Amino acid sequence: MSAASSEDVIPITVEFSGGLEMLFSNQRKLDFSIAAKDESGLNSNVAFLVRYLCDNVMKDPRKDLFVLDDTVRPGILVLINDADWELEGEDKYEIQKGDNILFVSTLHGG
Amino acid sequence: MAPSPCAVCQTNRALILRPKNHQKLCKPCFISVFEAEIHHTITTNNLFHRGERIAIGASGGKDSTVLASVLKTLNERYDYGVELILLSIDEGIKGYRDDSLETVKRNAKQYDMPLTILGYDELYGWTMDQVVEQVGKKGNCTYCGVFRRQALDRGAAKLGVRHVVTGHNADDVAETVLMNLLRGDLPRLSRTTSIVTSTPSIVPSSPETTSHTNIKRSKPLKYAYEKEIVLYAHHKNLDYFSTECLYSPEAFRGSARALIKNLERVRPSAILDVVRSGEDMAKLVPGGNESCGNGCGGHATIVEEEEGGCGSSNGRTSGGEMASMEKQLTQTEVAAEEGLEVEITTAGTKPPNPPDSDAIPLVSGKKGKKLKGPPHGARKQPAKQTMGQCARCGYLSSQEICKACVLLEGLNKNRPKNSIEVSYDNPEESAPTVNSHEIKCTIVTQISEVEKTKGLIYNS
Ligand SMILES: [Zn+2]
Ligand SMILES: [Zn+2]
């Protein structure tokens, strides 16, 4: 990613809460840049982001607590700039510069 | 996707998609609709009475935090005239409750409610750490689960409070409905759907004398989706605490909870539909008194403590129980996961469909044609348990001495009741093979919802 120019990456903020942060080394908020295009050269969407998080950010081996059947596990809410991702096209939503994407678990006890 | 306007105010951008009806709402409209619905639940079921003191079973978790916040708001907005207090239970596991109790303490300040934290030591004379020391790591969750079931009621009685509200939500209720349906236990299903339940508890009226009373339990969030509870907490910026790994992947996979969440993903209204179906079925159960109208005062459904270990002890079946059932249900679940269409075919109930179909079914002699009589599995009759009270503590029990008192007796005699152990699928060979992290994790898992020491634990 170091060779990529700023044109090729999108700076975003990703947050985890509701207990999900425990799967991500207790990080609640991450600011980073993601490639503007996915593996197939298409605009990066949330599905790509989720794959990226799984492969590059999540150290916890229990991937299936985050992703199931190639999508975010049922019971985990995804908010894109505070809006339910179901209003935004779910994992087909194309990531925009400065987006805030929040993953909240409803599965953890409290 | 173009932003949609809010369905209520038609002005703001919609941020919330309601699972129950697909309504798109903006943040302020969502918050007011959510609160209005809880108010509706409270008033139509006559949950509260003016002047009542009500203890909120508080854990610092999302459900009880949202419950406390909403009840405070509604009590002020609609002048219920009730006095709200927070009641938390501390099992006495060093370090385990620290964060959640800190959250509850902050909540007490934020909501300006008095808080009482009662320890297992105060309620039972034993902390869980002491129990573990005494009985070892194996089987200690039995104690924790049994003690937890009574803790809120005992705690409320101690405080002279007759009404405990818990944060059970629609997902919790739907889960127990499904569990009881899968078990074929309609009587229990009937009890679990009740929004108000009642358990006799002992009240120390003076140091020497005690009197019995019923502690009322209710679930104001019974029709609230867990998703909306979490969204409410998020959009109102509520301060709540999430416990560690409620579900180990193994336990969660194939659990009723997972099924509920999968159903919701496919058809969001399913959760409330299951709750309503549970209520409708409850009406068909003899003796089930959902039909008496939840608000009819003294007629709250009586529930008794449930068998089983911690894992099965509340609205969420996080393991043990479901794990054993999972085996029997593998087929069903595979089907459910693949198509969410579960067709249950039971040979015994198939109509005989003989060629000479004019034959009267009463004609005997042919196998499989009997319409009456005990069906194949020799089903349990809707058990009419005789509910009495524990001779020792006064708590509701079908035995002379309730389970907690039996366990306490064992503890107090310095002789662990080792016959009572939660059986796991793969019983560990012996305690020493379990590493300490696992033990901690097990304990955490099993009690992770003490806050959610909520009504369903009696009937789940
Ligand atoms: Zn609005
Ligand atoms: Zn007793």
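What you are looking at is a predicted structure, and each value in this text was computed from that prediction instead of being measured.

## Concerning the nonpolar core
All names here are of chain B.
So, point 1. Among the nonpolar cores identified, the biggest contains 61 residues, and Phe-34, Phe-48 and Ile-56 are the most heavily contacted of them.
So, point 2. In this structure Ile-56 touches Ser-64, Leu-67, Ala-68, Leu-71, Leu-84, Ile-85, Leu-86, Leu-87, Met-113 and Val-165, once residues within four positions along its chain are discounted.
So, point 3. Counting residues in hydrophobic clusters, the runner-up holds 37 residues, among them Ile-89, Val-135, Ala-151 and Tyr-395.

## Description of helix α1 (residues 46-57) of chain A
Residues and elements named next belong to chain A.
So, point 1. Burial in α1 covers these residues: Val-46, Ala-47, Phe-48, Leu-49, Val-50, Leu-53, Cys-54 and Val-57.
So, point 2. Turning to α1, the residues buried within the fold contact β1 (9-17), β2 (29-35), β3 (67-68), β4 (71-72), β5 (76-80) and β7 (100-105).
So, point 3. Regarding α1, its N-cap is Asn-45, as a side-chain oxygen of that residue lies 3.2 Å from the backbone nitrogen of Ala-47 further along.

## Some remarks on the coordination of the zinc ion (ligand 1)
Residue and element names in this part refer to chain B.
So, point 1. Looking at the zinc ion (ligand 1), the protein donor atoms are Cys-6 (SG), Cys-9 (SG), Cys-26 (SG) and Cys-29 (SG), and they sit 2.2 to 2.3 Å from it.
So, point 2. If you look at the zinc ion (ligand 1), its 4 donor atoms make angles of 102 to 116° with each other, and the shape they trace is tetrahedral.
So, point 3. Along the chain, the residues donating to the zinc ion (ligand 1) fall in the pattern C-x2-C-x16-C-x2-C. One end of the pair, Cys-6, is in the segment before β1 (16-17); the other, Cys-29, is in helix α1 (residues 27-44), and 23 residues separate them in sequence. Just as Cys-6 is buried, Cys-29 falls in that class too.

## Brief notes about the environment of B:Gln110
So, point 1. The residue B:Gln110 is located in helix α3 (residues 98-110) in this model.
So, point 2. Residue class for B:Gln110 comes out partly exposed when judged on its relative accessible area of 40%.

## Thoughts on the pattern of salt bridges
All names here are of chain B.
So, point 1. Summed over the entire model, instances satisfying the criterion amount to 33 salt bridges over all chains.
So, point 2. Of the charged contacts, one joins Lys-72 and Glu-76 as a salt bridge, the two residues approaching to 2.9 Å between their closest N and O atoms. Taken together, the residues Lys-72 and Glu-76, both in helix α2 (residues 62-77) and 4 residues apart, mark about one turn of the helix.
So, point 3. Exposure remark for Lys-72: the relative accessible area of 22% places this residue in the partly exposed category.
So, point 4. Residue classification places Glu-76 among the exposed positions, given a relative accessible area of 55%.
So, point 5. A salt bridge links Asp-153 to Arg-217; its shortest N-O distance comes to 3.1 Å. Of this pair, Asp-153 sits in helix α6 (residues 140-159) while Arg-217 sits in strand β8 (residues 210-218); the two residues are 64 residues apart in sequence, bridging distant segments of the chain.

## Comments concerning helix α9 (residues 226-235) of chain B
All names here are of chain B.
So, point 1. Summarising burial for α9: 9 of the 10 residues are buried, a large majority.
So, point 2. Those residues of α9 lying buried are Glu-226, Lys-227, Glu-228, Ile-229, Val-230, Leu-231, Tyr-232, Ala-233 and His-235.
So, point 3. The positive-phi residue at the C-terminal boundary of α9 is Asn-237, with phi of around 60°.

## Focus: the packing of aromatic side chains
So, point 1. Scanning the model with the defined rule gives 12 aromatic pairs over all chains in all.
So, point 2. Measuring from centroid to centroid gives 5.9 Å for A:Phe16 and A:Phe103, while their planes differ by 20°, and the two rings are stacked. Highlighted residues: A:Phe16 in strand β1 and A:Phe103 in strand β7, separated in sequence by 87 residues. Comparing A:Phe16 with A:Phe103 shows no difference in burial state: the two are buried.
So, point 3. Their ring planes at 45° and their centres at 5.9 Å tell us that B:Phe30 and B:Phe34 sit as a pair that is tilted. In this pair, B:Phe30 and B:Phe34 both sit in helix α1, 4 residues apart, roughly one turn of the helix. The same class applies to B:Phe30 and to B:Phe34, which are both buried.

## As for the side chain of A:Glu88
So, point 1. By secondary structure assignment, the location of A:Glu88 is in the loop between β6 (83-84) and β7.
So, point 2. Looking at A:Glu88, the relative accessible area reads 9%, which means it is buried.
So, point 3. Within polar-contact distance, the side chain of A:Glu88 engages the side chain of B:Arg13 at 2.5 Å.

## Considering the pairing of β7(A)
Residues and elements named next belong to chain A.
So, point 1. Most of β7 is tucked away: 5 of the 6 residues are buried.
So, point 2. Pairing geometry for β5 and β7, over 5 bridges, is antiparallel. Bridge pairing in β7 places Val-78 opposite Phe-103.

## A few points about the confidence of the model for chain B
Residue and element names in this part refer to chain B.
So, point 1. Averaged over every residue, the pLDDT of chain B is 72; residues scoring 70 or more account for 61%.
So, point 2. Taken as a whole, residues 288-301 scores under 50 in pLDDT and shows 26 contacts with residues more than four places along the chain or in a different chain.
So, point 3. For this predicted complex, the interface confidence reaches an ipTM of 0.93, while the overall pTM sits at 0.75.

## With respect to the sheet that holds β2(A)
By way of backbone hydrogen bonds, the strands of a sheet pair with one another, either parallel or antiparallel.
So, point 1. Taken in spatial order, the 5 strands line up as β2-β1-β7-β5-β6 (chain A) in an open sheet, and their pairing is mixed. Single-partner strands in this sheet number two, and they are β2 and β6 of chain A.
So, point 2. Sheet topology note: the β1(A)/β7(A) ladder contains 5 bridges and is parallel. Looking at the pairing, A:Glu15 lines up with A:Leu102 of β7(A).
So, point 3. Sheet strands in contact with α9(B) are β5, β6 and β7 of chain A, and its direction is about 45° off that of β5(A).

Calculation notes
Residues numbered from 1 in each chain as written. Chains lettered and ligands numbered in written order. Predicted model: local features only at pLDDT ≥ 70, side-chain atom pairs only at ≥ 80, totals over all residues. Heavy atoms only, no water. Core = buried A, V, L, I, M, F, W, Y, C linked by side-chain atoms within 4.5 Å. Buried < 20%, exposed > 50% of the residue type's maximum accessible area, 1.4 Å probe, protein only. Contact = heavy atoms within 4.5 Å. Helix = DSSP H or I, 4+ residues; strand = E, 2+ residues; numbered from the N terminus. Polar contact = N/O pair within 3.5 Å; in protein donor to acceptor, adjacent residues only side chain to side chain. Donors = N, O, S within 2.8 Å, 3.2 Å for Na, K, Ca; no water. Tetrahedral: all angles 85-135°; square planar, octahedral: opposite > 155°, others 65-115°. Salt bridge = Lys/Arg side-chain N within 4 Å of Asp/Glu carboxyl O. Phe/Tyr/Trp six-rings, centres within 6.5 Å; stacked < 30°, edge-to-face > 60°. Pairing = 2+ DSSP bridges. pLDDT = per-residue confidence, 0-100. Axes fitted to C-alpha atoms, helices over the stretch in contact; angles between N-to-C directions.

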